[in-house]
Amino acid sequence: AVNLGKIIAESGTVGIYGGLIHQSGTISADSAVVGKNGKVFLKATKDVTLDEKSAISAQGGDIRIYGGREDGTVKVAGTLDASAPTSGNGGFIETSAASVKIEDSAKVTTLAPHGKTGTWLVDPTNFNIEAGSGAPTTSGIGADTLADNLVTTGFTVETDASGTEAGDINVNADVTWSTHPLSLQ
């Protein structure tokens, strides 16, 4: 394996307890090698929580966050940055678990002013787009929060019908945006 970046945990903790990850602080995997991009992968057998103080950066690279597929939850309340601010294309961000809850404070970017903006993939079993910007009680995002993040990234929801879940995407509120693509699969 070739390590193209480094992980720096600043002013915070990355805790792994019994299959749970709670991240608070900064993780940076921006590459020092020109033309190569950093990668951050977090995987738990149950839940992953990225609180409001969390920031993960892999400029132009990959950020992949996996919770348990059976009954795990990924909660995003902090910043995920796979942008390419100086050159190249924006990166790829994935948040995947049985349930993905996106808080109003979530700030996600894959912007690339000199290239192609990247994509944020949300991969739960079911997903709801609800009115407003409040925290979802089930797997989902507020319509206002979604519109805010569509300014800085493409957004794809790809549900998975597994177990007793149908793989439904429920759009329960209007979403208005004019920048990057929104894909519901």
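Residues numbered from 1 in each chain as written. Predicted model: local features only at pLDDT ≥ 70, side-chain atom pairs only at ≥ 80, totals over all residues. Heavy atoms only, no water.

Asker: Looking at this model, I keep getting lost on the overall build of the chain. Mind explaining?
Answerer: Helix and strand counts for the chain come out as 1 helix and 17 strands. Across the 185 residues in the chain, those meeting the buried criterion constitute 48%. The contacts of the chain with a sequence gap of at least 6 include a subset with a gap of at least 24, amounting to 67%. Taken as a whole, the chain presents about 8900 Å² of accessible surface, with 50% of it coming from carbon and sulfur. (Helix = DSSP H or I, 4+ residues; strand = E, 2+ residues; numbered from the N terminus. Buried < 20%, exposed > 50% of the residue type's maximum accessible area, 1.4 Å probe, protein only. Contact = heavy atoms within 4.5 Å. Areas by Shrake-Rupley, 256 points an atom, 1.4 Å probe, with all protein chains shown as cover.)

Asker: Looking at this structure, how should I read the side chain of Thr73?
Answerer: Its place among the elements puts Thr73 in strand S7 (residues 73-76). Since its relative accessible area comes to 19%, Thr73 is described here as buried. Setting aside anything within four residues of it in sequence, one finds Thr73 in contact with Lys46, Asp47, Val48, Ala97, Ser99 and Lys101.

Asker: Sorry, what's going on with the pattern of salt bridges here?
Answerer: A side chain of one charge can pair with a side chain of the opposite charge if their charged atoms are brought near each other. The tally for this structure, following the rule as stated, stands at 7 salt bridges. As a salt-bridge pair, Asp62 and Lys39 come within 3.8 Å of each other at their nearest N and O atoms. Residue Asp62 is found in strand S6 (residues 62-66), and its partner Lys39 is found in strand S3 (residues 39-43); the two are separated by 23 residues along the sequence. One salt bridge in this structure joins Lys46 and Asp71, with 3.3 Å as the shortest N-O distance. (Salt bridge = Lys/Arg side-chain N within 4 Å of Asp/Glu carboxyl O.)

Asker: Can you help me understand the sheet that holds S3 in this one?
Answerer: Hydrogen bonding along the main chain pairs the strands of a sheet, whether they run parallel or antiparallel. Across the sheet, which stays open at both edges, the 6 strands sit in the order S3-S6-S9-S12-S15-S17 with parallel pairing between neighbours. The open sheet is flanked by S3 and strand S17 (182-184), the only strands paired with a single partner. Looking at each pair of strands side by side, their axes are set apart by 10 degrees on average, direction ignored. As paired elements, strand S12 (residues 119-123) and strand S15 (residues 154-157) share 4 bridges and run parallel to each other. Paired with Val122 across the bridge in S15 is Val157. (Pairing = 2+ DSSP bridges. Axes fitted to C-alpha atoms, helices over the stretch in contact; angles between N-to-C directions.)

Asker: Before we go on, may I ask you to explain the pairing of strand S9 (residues 92-96) in this structure?
Answerer: Side-chain direction in a regular strand flips from residue to residue, so the side chains alternate between the two faces of the sheet. In terms of burial, S9 is largely enclosed, as 4 of its 5 residues are buried. Sheet analysis places S6 next to S9, joined by 5 bridges and oriented parallel. Within S9, the residue paired with Tyr66 across the bridge is Ser96. Note that S9 and S12 share 5 bridges and pair parallel. Looking at the pairing, Glu94 lines up with Leu121 of S12.

Asker: Would you mind going over a negative patch on the surface with me for this structure?
Answerer: On the surface, a cluster of negative charge is made up of Glu52, Asp104, Asp144 and Asp148. Tracing the sequence through the fold places Asp144 in helix H1 (residues 143-149). (Patch = residues over 30% accessible without salt bridge, like charges linked within 9 Å, V, L, I, M, F, W, Y side chains within 5 Å. Lys, Arg positive; Asp, Glu negative; His and termini not counted. Charge placed at Lys NZ, Arg CZ, Asp CG, Glu CD.)

Asker: So what exactly am I meant to see when it comes to the confidence of the model for the chain here?
Answerer: Interpretation of this model should avoid reading the predicted coordinates in detail wherever pLDDT is low. The predicted model of the chain has a mean per-residue pLDDT of 84, with 82% of residues at 70 or higher. Across residues 1-17 the pLDDT falls below 50, and counting only partners more than four positions away or on other chains, this stretch makes 33 contacts in the model. (pLDDT = per-residue confidence, 0-100.)

Asker: Please clarify how the pairing of S6 should be interpreted in this entry.
Answerer: Relative to S6, S3 runs parallel, the two being bridged by 5 bridges. Note on S6: the bridge partner recorded for Phe41 is Arg64.

Asker: What's the story with the environment of Asp47 in this structure? I'm lost.
Answerer: Position of Asp47 relative to the elements: it lies in the loop between S3 and strand S4 (48-50). Owing to a relative accessible area of 23%, Asp47 belongs among the partly exposed residues under this scheme. A polar atom in the side chain of Asp47 sits 2.9 Å from the backbone nitrogen of Thr73. (Polar contact = N/O pair within 3.5 Å; in protein donor to acceptor, adjacent residues only side chain to side chain.)

Asker: Sorry, what's going on with the environment of Gln185 here?
Answerer: Topologically, Gln185 is positioned in the segment after S17. Linking Gln185 and Ile169, residues 16 residues apart in sequence, is a C-alpha distance of 8.1 Å. Setting aside residues no more than four positions away along its own chain, Gln185 makes contact with Thr156, Val157, Glu158, Thr159 and Ile169. Among the polar contacts made by the side chain of Gln185, one reaches the side chain of Ser183 at a distance of 3.0 Å.

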